[in-house]
Amino acid sequence: HSQTKTVRLSEQSIVINLPLGEKVDIATHKEVTITTTNLDGGEEAADLDIRVQALIQPKQVFIERFWQKPDQYLMGENDFRKRFPFYAYKDEDQKKNWQKGVLAINRKVSSNGSSQLSLESLKAGYYLITIEAKDEKGRSVQIEKVVGFYDSEKQIPLPDEHLSVTFSKNSAEPEENINIQVAS
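Description of the structure in this document. This one's a predicted model, so the numbers in the text were calculated from it and none came from an experiment.

Criteria and thresholds
Going along each chain's sequence as written, the residues are numbered from 1 onward. It should be noted that, the model being predicted, local features are given only for residues of pLDDT at least 70 and side-chain atom pairs only at 80 or more, the latter also being counted only at that level, while totals for whole chains, interfaces and linings use all residues. To obtain the side-chain values, all non-hydrogen atoms of the structure were included, while hydrogens and water were left out. Elements are defined by DSSP. Helices are runs of H or I of four residues or more, strands are runs of E of two residues or more, and each kind is numbered from the N terminus. DSSP calls a pair of strands paired once it identifies at least 2 bridges connecting them. Under this scheme, a helix contributes an axis fitted over its contacting stretch, all axes are lines through C-alpha atoms, and angles between N-to-C directions fall in the 0 to 180 degree range. Counted as salt bridges are all cases of a side-chain nitrogen of Lys or Arg within 4 Å of a carboxyl oxygen of Asp or Glu. Side-chain rings of Phe, Tyr and Trp, where Trp is taken by its six-membered ring, are said to pair if the distance between their centres is within 6.5 Å; with planes under 30 degrees apart they count as stacked, over 60 as edge-to-face, and otherwise as tilted. When accessible area is computed with a 1.4 Å probe and restricted to protein chains, residues below 20% of their type maximum are described as buried, those above 50% as exposed, and intermediate ones as partly exposed.

## Points about unusual backbone geometry
Even without glycine at this site, Glu175 takes up a positive phi of about 75 degrees. Tracing the backbone shows Glu175 in the loop between strand 9 (164-167) and strand 10 (180-183).

Quick look at the structure:
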């Protein structure tokens, strides 16, 4: 009889889990459960510093490039914008690089491994969610995630979407109905 156990080693003793996708419907997601675990997946107590900051979208909506971003820029920004007005010159189309706006949520929480975060105060738009945790030895672990919130009840799509199509279910059986919502 033999037994095997996998041991994970890391400088970080805590893993922060934020189960939100890139796009979230605030009409159905009123709160989210943030968990902190050790490397083996067991719940771990931690002090959390949670910040949710609005991101300010550029005035222009960018078209996705058909080519890779260059490693050297041979064309100046003004000349590029004249020739390719709907494309990003550098990284201004990347949401993580957008200008930060209002701090919508700023909470400090002591968690026993699981903590609820209310999302009801958020409006449609993109937000940078930053969660910092300190373990029992005072070491800091931080995650950052950009999440787009839309409101299906008010039919408000994300700001950078020309057309938004939302399905009530991902799959259905014969004779079952699916609602398809189109917004622009």
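## Things to note about the sheet that holds strand 6 (residues 114-118)
One open sheet holds the three strands; their spatial order is 1-3-6, and the pairing between them is antiparallel. Each having just a single partner strand, strand 1 (15-17) and strand 6 make up the two edges of the open sheet. Direction aside, neighbouring strands of the sheet carry axes that sit 20 degrees apart on average. Note: strand 1 against strand 3 (residues 31-37), three bridges, orientation antiparallel. Paired with Ile16 across the two strands is Thr36, which belongs to strand 3.

## Observations concerning the pattern of salt bridges
Counted under the stated rule, the structure contains six salt bridges. One salt-bridge network, in which partners are shared between bridges, spans Asp49, Arg51 and Lys108.

## Quick look at the packing of aromatic side chains
Using the criterion set out here, one finds nine aromatic pairs in the structure. Between Phe80 and Phe84, the ring centres sit 5.1 Å apart and the planes meet at 40 degrees, which makes this aromatic pair tilted. Note on Phe84: relative accessible area 30%, which makes it partly exposed. An aromatic cluster of at least three residues, connected via ring pairs, comprises Phe66, Trp67, Tyr73, Phe80, Phe84, Tyr87 and Tyr89.

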